[in-house]
Amino acid sequence: MTESYLLDIELNTLDGTSTSLRELADGAVLVVNVASKCGLTPQYSALEKLAQDYGDRGLTVIGVPCNQFMGQEPGTAEEIQTFCSTTYGVTFPLLAKTDVNGADRHPLYAELTQTPDGSGEAGEVQWNFEKFLLAPGGQVVNRFRPRTEPDAPEVISAIEAVLPK
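None of the values given here were measured: they were computed from a predicted structure. Along each chain, residues carry numbers from 1 onward, in the same order as the chain's sequence is written. At least 70 in pLDDT is required for a residue's local features to be given in this predicted model, at least 80 for side-chain atom pairs to be given and counted, and no such filter applies to totals for whole chains, interfaces and linings, which use all residues. Think of the side-chain values as coming from all heavy atoms in the structure, minus any hydrogens and water.

Trainee: I'd like a description of the overall build of the protein, backed by residues and values.
Mentor: Check the secondary structure of the protein and you find five helices and six strands. What counts as a helix is a DSSP run of H or I of at least four residues, what counts as a strand is a run of E of at least two, and both are numbered from the N terminus. In sequence order, the secondary structure elements of the protein are arranged as α-β-β-β-α-β-α-α-β-β-α. Note on method: radius of gyration uses C-alpha positions; expected globular size equals 2.2 Å times residues raised to 0.38. Taken over C-alpha atoms, the radius of gyration comes to 14 Å for the protein, in line with the 15 Å a tight globule of 165 residues would show. The C-alpha extent of the protein, read off along each of the three principal axes, is 35 × 35 × 35 Å.

Right, here's the structure in full:
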(Lines give C-alpha, C1' and ligand atoms only; values in the text may rest on other atoms or scores of the structure.)
Protein backbone atom coordinates (compact mmCIF):
# COMPACT_ATOMS: atom_id res chain seq x y z
CA MET A 1 0.00 0.00 0.00
CA THR A 2 1.23 3.48 -0.75
CA GLU A 3 0.63 6.14 1.84
CA SER A 4 -0.66 8.55 -0.82
CA TYR A 5 -3.39 6.05 -1.74
CA LEU A 6 -4.46 5.77 1.90
CA LEU A 7 -4.56 9.55 2.21
CA ASP A 8 -6.79 9.90 -0.85
CA ILE A 9 -9.50 7.36 0.05
CA GLU A 10 -12.84 9.16 0.17
CA LEU A 11 -14.40 9.29 3.62
CA ASN A 12 -17.77 10.60 4.75
CA THR A 13 -18.22 12.31 8.08
CA LEU A 14 -21.17 11.62 10.36
CA ASP A 15 -22.85 14.78 9.03
CA GLY A 16 -22.43 13.61 5.41
CA THR A 17 -19.48 15.79 4.40
CA SER A 18 -16.94 14.18 2.08
CA THR A 19 -13.31 14.30 3.21
CA SER A 20 -10.05 12.35 3.15
CA LEU A 21 -7.05 11.81 5.40
CA ARG A 22 -5.05 14.06 3.04
CA GLU A 23 -6.29 17.05 5.10
CA LEU A 24 -4.51 15.54 8.12
CA ALA A 25 -1.34 14.38 6.32
CA ASP A 26 0.91 16.76 8.26
CA GLY A 27 -0.04 15.18 11.59
CA ALA A 28 -0.50 11.84 13.27
CA VAL A 29 -3.92 10.18 13.12
CA LEU A 30 -5.45 7.53 15.39
CA VAL A 31 -8.31 5.75 13.57
CA VAL A 32 -10.64 3.80 15.88
CA ASN A 33 -13.80 1.86 15.04
CA VAL A 34 -16.30 2.78 17.75
CA ALA A 35 -19.71 1.72 19.08
CA SER A 36 -22.14 3.21 21.59
CA LYS A 37 -23.44 -0.01 23.18
CA CYS A 38 -20.24 -1.98 23.74
CA GLY A 39 -18.49 -2.98 26.94
CA LEU A 40 -15.49 -1.04 25.61
CA THR A 41 -17.51 2.15 24.97
CA PRO A 42 -15.95 3.90 28.02
CA GLN A 43 -12.76 4.08 25.92
CA TYR A 44 -14.38 7.19 24.40
CA SER A 45 -13.23 9.09 27.51
CA ALA A 46 -9.57 8.18 27.01
CA LEU A 47 -9.82 8.83 23.26
CA GLU A 48 -11.19 12.32 23.94
CA LYS A 49 -8.39 12.92 26.45
CA LEU A 50 -5.82 11.94 23.80
CA ALA A 51 -7.46 14.32 21.34
CA GLN A 52 -7.31 17.14 23.90
CA ASP A 53 -3.82 16.39 25.23
CA TYR A 54 -2.12 15.83 21.88
CA GLY A 55 -4.22 17.84 19.43
CA ASP A 56 -1.97 20.89 19.67
CA ARG A 57 1.02 18.66 18.92
CA GLY A 58 -0.51 17.27 15.74
CA LEU A 59 -2.66 14.25 16.70
CA THR A 60 -6.16 13.80 15.33
CA VAL A 61 -8.37 11.02 16.69
CA ILE A 62 -11.00 9.81 14.22
CA GLY A 63 -13.93 7.67 15.38
CA VAL A 64 -15.47 5.27 12.87
CA PRO A 65 -18.88 4.03 14.06
CA CYS A 66 -19.43 0.40 13.12
CA ASN A 67 -22.46 -1.84 13.68
CA GLN A 68 -20.81 -5.13 12.64
CA PHE A 69 -20.13 -6.47 16.12
CA MET A 70 -23.36 -7.75 17.70
CA GLY A 71 -25.25 -4.66 16.48
CA GLN A 72 -23.59 -2.45 19.09
CA GLU A 73 -23.91 0.74 17.02
CA PRO A 74 -27.57 0.70 15.92
CA GLY A 75 -28.23 4.46 16.00
CA THR A 76 -28.70 7.03 13.29
CA ALA A 77 -25.98 9.58 12.60
CA GLU A 78 -27.79 12.09 14.83
CA GLU A 79 -28.19 9.57 17.66
CA ILE A 80 -24.51 8.61 17.48
CA GLN A 81 -23.38 12.25 17.52
CA THR A 82 -25.67 13.12 20.43
CA PHE A 83 -24.59 10.07 22.44
CA CYS A 84 -20.88 10.76 21.91
CA SER A 85 -21.04 14.47 22.72
CA THR A 86 -23.42 14.31 25.68
CA THR A 87 -22.15 11.10 27.30
CA TYR A 88 -18.40 11.40 26.68
CA GLY A 89 -17.89 15.01 25.56
CA VAL A 90 -16.45 13.81 22.25
CA THR A 91 -15.11 16.65 20.10
CA PHE A 92 -12.95 14.60 17.69
CA PRO A 93 -14.29 13.86 14.20
CA LEU A 94 -16.65 10.94 13.63
CA LEU A 95 -17.11 9.30 10.26
CA ALA A 96 -20.32 7.88 8.87
CA LYS A 97 -21.22 4.37 10.04
CA THR A 98 -18.83 2.04 8.22
CA ASP A 99 -18.19 -1.66 7.66
CA VAL A 100 -14.67 -2.57 8.76
CA ASN A 101 -14.80 -6.29 7.82
CA GLY A 102 -16.39 -8.45 5.14
CA ALA A 103 -17.48 -7.95 1.55
CA ASP A 104 -18.65 -4.37 2.12
CA ARG A 105 -15.53 -3.34 4.08
CA HIS A 106 -14.68 0.30 3.46
CA PRO A 107 -11.54 0.82 1.31
CA LEU A 108 -9.88 2.57 4.28
CA TYR A 109 -10.19 -0.62 6.33
CA ALA A 110 -9.16 -2.79 3.39
CA GLU A 111 -5.83 -0.98 3.67
CA LEU A 112 -5.62 -0.64 7.47
CA THR A 113 -6.28 -4.32 8.15
CA GLN A 114 -3.15 -5.27 6.18
CA THR A 115 -1.15 -3.84 9.10
CA PRO A 116 -0.05 -6.40 11.70
CA ASP A 117 -0.54 -5.85 15.42
CA GLY A 118 2.24 -6.15 18.01
CA SER A 119 2.26 -9.94 17.73
CA GLY A 120 2.56 -9.82 13.93
CA GLU A 121 -1.07 -10.65 13.18
CA ALA A 122 -2.83 -8.73 10.40
CA GLY A 123 -6.36 -9.30 9.04
CA GLU A 124 -9.87 -8.70 10.27
CA VAL A 125 -10.74 -6.13 12.91
CA GLN A 126 -11.44 -8.21 16.03
CA TRP A 127 -14.04 -5.99 17.72
CA ASN A 128 -15.05 -2.41 18.43
CA PHE A 129 -12.28 0.00 19.49
CA GLU A 130 -9.44 -1.44 17.42
CA LYS A 131 -6.89 1.33 16.88
CA PHE A 132 -4.61 2.18 13.95
CA LEU A 133 -1.92 4.85 14.29
CA LEU A 134 -0.79 6.72 11.20
CA ALA A 135 2.38 8.80 11.15
CA PRO A 136 2.50 12.14 9.33
CA GLY A 137 2.38 11.34 5.62
CA GLY A 138 -0.10 8.50 6.11
CA GLN A 139 2.10 5.50 6.94
CA VAL A 140 0.33 3.04 9.26
CA VAL A 141 2.85 2.49 12.05
CA ASN A 142 0.92 0.69 14.80
CA ARG A 143 -2.17 -1.42 15.33
CA PHE A 144 -3.64 -1.90 18.79
CA ARG A 145 -6.33 -4.47 19.46
CA PRO A 146 -9.63 -3.50 21.12
CA ARG A 147 -8.77 -4.30 24.72
CA THR A 148 -5.66 -2.10 24.61
CA GLU A 149 -6.79 1.10 26.32
CA PRO A 150 -6.17 4.34 24.41
CA ASP A 151 -4.07 5.64 27.32
CA ALA A 152 -1.99 2.45 27.70
CA PRO A 153 1.76 3.17 27.90
CA GLU A 154 2.45 1.46 24.57
CA VAL A 155 -0.17 3.60 22.81
CA ILE A 156 1.09 6.82 24.38
CA SER A 157 4.73 6.08 23.50
CA ALA A 158 3.76 5.16 19.91
CA ILE A 159 1.82 8.43 19.55
CA GLU A 160 4.63 10.50 21.03
CA ALA A 161 7.13 8.85 18.68
CA VAL A 162 5.27 10.10 15.57
CA LEU A 163 3.99 13.50 16.67
CA PRO A 164 5.24 16.21 14.35
CA LYS A 165 5.50 18.91 17.07
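Picking up after the structure, the text goes on.
Trainee: Explain the nonpolar core to me, using residue names and the numbers behind them.
Mentor: Grouped together as the largest cluster of nonpolar side chains are 31 residues, with contacts concentrated most on Leu 30, Leu 47, Leu 50, Leu 59, Val 61, Phe 92 and Ile 159. Excluding residues within four positions of it along the chain, Leu 30 makes contact with Leu 47, Leu 50, Leu 59, Thr 60, Val 61, Ile 62, Lys 131, Phe 132 and Leu 133. As used in this record, nonpolar core signifies buried Ala, Val, Leu, Ile, Met, Phe, Trp, Tyr and Cys residues forming a set joined through side-chain atoms within 4.5 Å. Per-residue accessibility, obtained with a 1.4 Å probe over protein chains only, is compared with the maximum for each type, and a residue is labelled buried under 20%, exposed over 50%, and partly exposed between these values. Formed by 21 residues, the second largest nonpolar core is a distinct cluster that contains Leu 7, Leu 11, Val 64 and Val 125. In what follows, residue pairs with any heavy atoms lying within 4.5 Å of each other are defined as contacts.

Trainee: Give a detailed account of the packing of aromatic side chains, specifying residues and quantitative values.
Mentor: Note on aromatic pairs: the rings of Phe, Tyr and Trp (six-membered ring only in Trp) are paired at centre separations within 6.5 Å, and the planes decide the class, stacked below 30 degrees, edge-to-face beyond 60, tilted for the rest. A full pass over the atoms with the stated rule returns six aromatic pairs. An angle of 90° between the planes, with centres 5.5 Å apart, marks the rings of Tyr 44 and Phe 129 as edge-to-face. Of this pair, Tyr 44 sits in helix α2 (residues 43–54) while Phe 129 sits in the loop between α4 (107–112) and β5 (131–134), placing them 85 residues apart in sequence. For Tyr 44, a relative accessible area of 0% puts it in the buried group. Here the aromatic cluster, defined as three or more aromatic residues joined through ring pairs, consists of Tyr 44, Phe 83, Tyr 88, Phe 92 and Phe 129.

Trainee: Quick rundown of the pattern of salt bridges? Include the residues and the values.
Mentor: Oppositely charged side chains can form a pair if their charged atoms are brought close together. Think of a salt bridge as a Lys or Arg side-chain nitrogen and an Asp or Glu carboxyl oxygen that are within 4 Å of each other. Applying the stated rule across the entire model yields six salt bridges. For Arg 22, the salt bridge goes to Asp 8, with nearest N and O atoms at 2.9 Å. On the criterion of sequence distance, the pair formed by Arg 22 in the loop between β2 (18–19) and β3 (28–34) and Asp 8 in helix α1 (residues 3–8) is long-range, its members being 14 residues apart. Overall, Asp 8 belongs to the partly exposed group, its relative accessible area being 47%. In this structure, Arg 145 engages Glu 130 in a salt bridge whose closest nitrogen and oxygen atoms are separated by 2.8 Å. Here Glu 130 lies in the loop between α4 and β5 and Arg 145 lies in the loop between β6 (140–144) and α5 (153–162), a separation of 15 residues in the sequence. The residues Arg 145 and Glu 130 share a single accessibility class, namely buried.

Trainee: Lay out helix α3 (residues 77–88) in plain terms, naming residues and giving numbers.
Mentor: The terminal C-alpha atoms of α3 lie 16 Å apart, and with 12 residues this matches the ideal 16 Å at 1.5 Å per residue to within 8%. Gly 89, located one to two residues past α3, shows a positive phi value of around 65°. Helix span, as expected, comes to 1.5 Å for every residue beyond the first.

Trainee: Give me the lowdown on the pairing of β6, citing residues and values where you can.
Mentor: For two strands to count as paired, DSSP must find a minimum of two bridges between them. Sheet topology places β5 next to β6; four bridges connect them, and they run antiparallel. Residue pairing across strands places Phe 132 opposite Arg 143, the latter belonging to β6. Counting the residues that bridge the hairpin from β5 to β6 gives five residues, and of these Gly 137 lies at a positive phi of roughly 95°.

Trainee: How would you explain the packing of α2 against α3 if you had to name every residue and give the values?
Mentor: Structural elements are reduced to axes, namely lines fitted to C-alpha atoms, with helices fitted over the stretch in contact, and the angle between N-to-C directions of any two is expressed from 0 to 180 degrees. Closest axis-to-axis distance for the α2/α3 pair is 10 Å, and the angle between their directions is 80°. For the element pair α2 / α3, the angle class is roughly perpendicular. Contacts from Tyr 44, Ser 45 and Glu 48 of α2 reach α3 at Phe 83, Cys 84 and Tyr 88. Broken down by class, the residue content of the contact of α2 with α3 amounts to four nonpolar, one polar and one charged. Working rule for angles: under 35 degrees goes down as roughly parallel, over 145 as roughly antiparallel, 65 to 115 as roughly perpendicular, anything else as oblique. Three classes are used, and their members are as follows: Ala, Val, Leu, Ile, Met, Phe, Trp, Tyr, Cys and Pro are nonpolar, Asp, Glu, Lys and Arg are charged, and the others, Gly among them, are polar.

Trainee: Which residues make up the UniProt feature "active site" (unreviewed entry) in the protein, and what values go with them?
Mentor: UniProt positions are given in the numbering used here, feature names are shortened, and annotations may be inferred rather than shown by experiment. UniProt's entry tags Cys 38 with the feature "active site" (unreviewed entry), counted in the numbering of this structure. Structurally, Cys 38 can be placed in the loop between β3 and α2. Of the residues examined, Cys 38 reaches a relative accessible area of 9% and is grouped as buried. Residues in contact with Cys 38, not counting those within four places in the same chain, are Gln 72, Trp 127 and Asn 128.

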